[in-house]
Amino acid sequence: MTYQPNPHRYDKMLYRPVGNSGLLLPAISLGLWHNFGSVDDFENARQMIHTAFDLGITHFDLANNYGPEPGSAEINFGRILHEDFRKYRDELIISTKAGYVMWPGPYGNWGSRKSLLASLDQSLQRLGLDYVDIFYSHRPDPNTPIEETMGALKTALDSGKALYVGLSNYSAEQTQAAALAAKNLGFKLLIHQPRYSMLDRWIEEDLQETLTTNGMGAIAFKPLAQGLLTNKYLHGVPEDSRMRDPHYATLQEDSLTRPTLAKIEKLQKLAQKRGQSLAQLALAWVLRTDLGRGVTPVTSALIGASRPQQIIENVAALEQLDFSAAELEQIEQILK
């Protein structure tokens, strides 16, 4: 049966501007880091994409090496685009990245001009697209001048193969250097994609202020700390956990320390008082707007999912984004 999107998909989703630009992103975006690769159930992946779009999620985030196997998430997403979304391409924001190891030899990694532009061409071929909406330098390269990396991003813009460009995993100092190099080359970085959650608050030290100063937006990945900020681990590690899956080695069982579990249990109780799940509380907190210090709020929280119901639950976090001063203070005390 031909996919027919929900005609009311834009009624409830919140869209926020990305830095000092005209681009809007949904407050919840869907990342395809896991569960969309060649080792995964394709029809489940298709249903998750359908569910996300039906809920107003217009932004789908990839990278060249997402899978597993590397590249297979782009291949699968490209197939879903071709079969189900050809008429809706202009309603979508599709992003990809390059900078982590993708193919053998010295040119399949890091941030040289050769690596970034070759990777972008490969990604477009796998996706079956003429352009992506956002192309990221996935991580800073200590051995390549920042001017070269930024020059490659400018070429991606000038060629029309990317509409916007951004950074991921750059420190505040590296971001400032990149923004200056971009300015000198005559273009602007749109967005930064850092890790950010209740359990990982490093961007608050200086990165958020750097982004605000340079007119850049932020989209937070791992806002649920890879599932730690859900009810999944409140009673130990379930058998279907990513911790037990040999294909996913990024979340380790030693992450579940007693202090961390104690924080999660207290946050769970607060979420219940607010009428939310723990995941919804965690997403609402990442998206909070009362940050003070003139810092621009996070534009979007980038979620992952293994089944459609998780996407439905996460988007429901947008129904209650406000926090009282007492709730914010209670969260601060829990997270100390």
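Up top you'll find the structure we're talking about.
Keep in mind that what you see is a predicted model, and the values were worked out from it rather than measured.

Engineer: How should the overall build of the protein be read in this particular structure?
Structural biologist: Helices and strands together make up the secondary structure of the protein, namely ten helices and ten strands. On C-alpha atoms alone, the protein measures out to a radius of gyration of 19 Å, which is about the 20 Å that the 2.2 N^0.38 rule sets for 336 residues. Pairs at least 24 residues apart make up 76% of the contacts formed inside the protein by residues separated by at least 6 positions. In the structure as shown, the protein presents an accessible area of about 15,000 Å², 50% of it carried by carbon and sulfur atoms.

Engineer: So what exactly am I meant to see when it comes to empty space enclosed by the protein here?
Structural biologist: A water-sized probe rolled over the atoms picks out the places where empty space is left. For the structure on display, the rule yields one cavity of 30 Å³ or more. Roughly 50 Å³ of volume is contained in the largest cavity. Contributing to the lining of the largest cavity are Gln208, Leu211, Thr212, Met216, Gly217, Ala218, Thr296, Pro297 and Val298. Elements with a contribution of two residues or more to the lining of the largest cavity: helix H6 (207-213) and strand S9 (217-221). Counting residues per element, the lining of the largest cavity draws most heavily on H6, at three residues. When its residues are assigned to classes, the lining of the largest cavity shows five nonpolar, four polar and no charged.

Engineer: Honestly, the environment of Leu318 in this entry has me stumped. Any pointers?
Structural biologist: The residue Leu318 is located in the loop between helix H9 (308-315) and helix H10 (325-335) in this model. Looking at Leu318, the relative accessible area reads 17%, which means it is buried. Through-space distance from the C-alpha of Leu318 to that of Gln280 is 8.0 Å; in sequence the pair is 38 residues apart. Not counting the four nearest positions on each side in its chain, Leu318 is found in contact with Met13, Leu14, Ala27, Ile28 and Leu287.

Engineer: Which parts of the structure should I look at to understand the pattern of salt bridges?
Structural biologist: It is possible for side chains bearing opposite charge to pair when their charged atoms get close. Throughout the structure, instances matching the rule amount to 15 salt bridges. Put simply, Lys154 and Asp158 hold a salt bridge, and the shortest N to O gap is 2.7 Å. Of this pair, Lys154 and Asp158 both sit in helix H4 (residues 146-158), four residues apart, roughly one helical turn. Note on Lys154: relative accessible area 24%, which makes it partly exposed. Judged by relative accessible area, Asp158 falls into the exposed class, the value being 57%. Each of Glu43, Arg46, Arg79, Glu83 and Asp84 takes part in one network of salt bridges that share partners.

Engineer: Would you explain the nonpolar core in this entry?
Structural biologist: Ranked by size, the top nonpolar core spans 92 residues in total, and within it Leu30, Phe60, Phe135 and Leu189 carry the most contacts. The element best represented in this core is helix H8 (residues 278-286), accounting for eight residues. Among residues more than four places away in sequence, those in contact with Leu189 are Met150, Leu153, Val165, Gly166, Leu167, Ala178, Ala179, Ala182 and Met216. Core analysis: the second largest hydrophobic core is formed by eleven residues, Ile93, Ile134, Tyr136 and Ile191 among them.

Engineer: Please clarify how the sheet that holds S9 should be interpreted in this entry.
Structural biologist: Each strand in a sheet pairs with another by means of backbone hydrogen bonds, the pair being arranged parallel or else antiparallel. Read once around its circumference, the closed barrel built from eight strands follows the order S3-S4-S5-S6-S7-S8-S9-S10, with strand pairing classed as parallel. For this sheet the average axis-to-axis angle between neighbouring strands, irrespective of direction, equals 30°. In terms of strand pairing, strand S3 (residues 28-31) meets strand S10 (residues 300-303) through three bridges, oriented parallel. The residue of S10 that forms the bridge with Ser29 is Leu302.

Reading the values: rules and limits
Residues numbered from 1 in each chain as written. Predicted model: local features only at pLDDT ≥ 70, side-chain atom pairs only at ≥ 80, totals over all residues. Heavy atoms only, no water. Helix = DSSP H or I, 4+ residues; strand = E, 2+ residues; numbered from the N terminus. Rg over C-alpha atoms; globule rule 2.2 N^0.38 Å. Contact = heavy atoms within 4.5 Å. Areas by Shrake-Rupley, 256 points an atom, 1.4 Å probe, with all protein chains shown as cover. 1 Å grid on protein atoms, 1.4 Å probe; cavity = no way out; pocket = protein on both sides within 12 Å on 5 of 7 lines; lining within 4 Å. Points joined across faces, edges and corners; volume = space filled by probe spheres on them. Nonpolar A, V, L, I, M, F, W, Y, C, P; charged D, E, K, R; others polar. Buried < 20%, exposed > 50% of the residue type's maximum accessible area, 1.4 Å probe, protein only. Salt bridge = Lys/Arg side-chain N within 4 Å of Asp/Glu carboxyl O. Core = buried A, V, L, I, M, F, W, Y, C linked by side-chain atoms within 4.5 Å. Pairing = 2+ DSSP bridges. Axes fitted to C-alpha atoms, helices over the stretch in contact; angles between N-to-C directions.

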